[in-house]
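Structural overview
Residue-level listing of the chains:
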Amino acid sequence: SERMKAILGGLLGVFCARGVHGPGTEDLKLGDMVRIRDLSLADKENLHPIVRTHPVTGRKALYASRPHIQRFDGMTEKECGPILDFLDEHAQSPEFTARLHWQPGTLAIFDNRCVQHVALNDYKERRELHRVNVADDQPPF
């Protein structure tokens, strides 16, 4: 709704990786691979706008990854919980999702500035992933 857009447009999120890199998540086992998490960064908090404007297209997108956002700046986690749950459910609506069926030779490229992604552990083959970041892209405030 326009009202929700207006509310979210002025909010900054407090992002932290403790939910995915914090205690209890040290080792992630994927088949025969083990990824050791960097716990030194788990509690570092950063502020980012909840709604950001794509620097190329000019379109607005939500920037509210539920595992990474702790709360909105100036609000408690309890106050933010229902809104963050709503945004998470909204992002998973069928009209906003796509499912990639991996097979040998599959190449997927997506713009992380406007896409949320999750890897479902429903594959047996080892996948090779390369991540490329745009170095000069800063979320606009």
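It should be noted that the structure appears before, not after, this text.
Turning to the overall build of the protein chain, a few remarks are in order. Within the protein chain, the regular secondary structure consists of three helices and seven strands. Walking the protein chain from its N terminus toward its C terminus, one meets helices and strands in the order α-β-α-β-β-β-β-β-β-α. Counting over 141 residues, the protein chain shows a buried share of 21%. Put simply, 59% of the contacts in the protein chain that link residues at least 6 apart link residues at least 24 apart.

Its place among the elements puts Glu79 in helix H3 (residues 77-91). A relative accessible area of 46% means that Glu79 is categorised as partly exposed.

Turning to the sheet that holds strand S7 (residues 69-72), a few remarks are in order. Strand order in the open sheet made by the three strands is S4-S1-S7, with antiparallel pairing throughout. Two strands lie at the open edges of the sheet, namely strand S4 (46-49) and S7, each paired on one side alone. For this sheet the average axis-to-axis angle between neighbouring strands, irrespective of direction, equals 35°. Where strand S1 (residues 12-15) meets S7, three bridges bridge the pair, whose relative direction is antiparallel. For Gly13, the partnering residue across the bridge sits in S7 and is Phe72.

Applying the stated rule across the entire model yields one aromatic pair. It is Arg52 that lies over the ring of Tyr63; its NZ or CZ is 5.4 Å from the centre.

What follows is about a nonpolar patch on the surface. A contiguous nonpolar patch, built from Leu100, Trp102 and Leu129 and spanning about 300 Å² of accessible area, is present on the exposed surface. The class for Leu100 is partly exposed, based on a relative accessible area of 39%.

Moving on to the pairing of S1. In the sheet, S1 pairs with S4 via four bridges, with the strands oriented antiparallel. The partner of Leu12 across the bridge, within S4, is Pro49.

With that out of the way, let us pick up H3. For H3, spanning 15 residues, the distance from its first C-alpha to its last is 20 Å, which sits close to the expected 21 Å at 1.5 Å a residue. Of all the bends in H3, the greatest measures close to 25° and is centred on Ile83. Listing the buried residues of H3 in full gives Cys80, Gly81, Leu84 and Leu87.

Looking now at the nonpolar core. Considering soluble globular proteins, one finds that nonpolar side chains tend to be buried as a cluster. Of all hydrophobic cores here, the largest spans ten residues; its members are Leu8, Leu11, Phe15, Ile50, Ala64, Ile69, Phe72, Cys80, Leu84 and Leu87. For this core, the secondary structure elements donating two or more residues are S7 and H3.

Let's shift gears to the pattern of salt bridges. According to the stated counting rule, one finds three salt bridges in the structure shown. Between Asp85 and Arg66 there is a salt bridge; the shortest N-O distance is 2.9 Å. With Asp85 in helix H3 and Arg66 in the loop between strand S6 (60-62) and S7, this pair connects stretches of sequence that are 19 residues apart. Exposure remark for Asp85: the relative accessible area of 44% places this residue in the partly exposed category.

How each quantity is defined
Residues numbered from 1 in each chain as written. Predicted model: local features only at pLDDT ≥ 70, side-chain atom pairs only at ≥ 80, totals over all residues. Heavy atoms only, no water. Helix = DSSP H or I, 4+ residues; strand = E, 2+ residues; numbered from the N terminus. Buried < 20%, exposed > 50% of the residue type's maximum accessible area, 1.4 Å probe, protein only. Contact = heavy atoms within 4.5 Å. Pairing = 2+ DSSP bridges. Axes fitted to C-alpha atoms, helices over the stretch in contact; angles between N-to-C directions. Phe/Tyr/Trp six-rings, centres within 6.5 Å; stacked < 30°, edge-to-face > 60°. Lys NZ or Arg CZ within 6 Å of the ring centre and 35° of its normal. Patch = residues over 30% accessible without salt bridge, like charges linked within 9 Å, V, L, I, M, F, W, Y side chains within 5 Å. Areas by Shrake-Rupley, 256 points an atom, 1.4 Å probe, with all protein chains shown as cover. Salt bridge = Lys/Arg side-chain N within 4 Å of Asp/Glu carboxyl O. Expected span 1.5 Å × (residues − 1). Bend = angle between axes of the 7 residues up to and from the residue. Core = buried A, V, L, I, M, F, W, Y, C linked by side-chain atoms within 4.5 Å.

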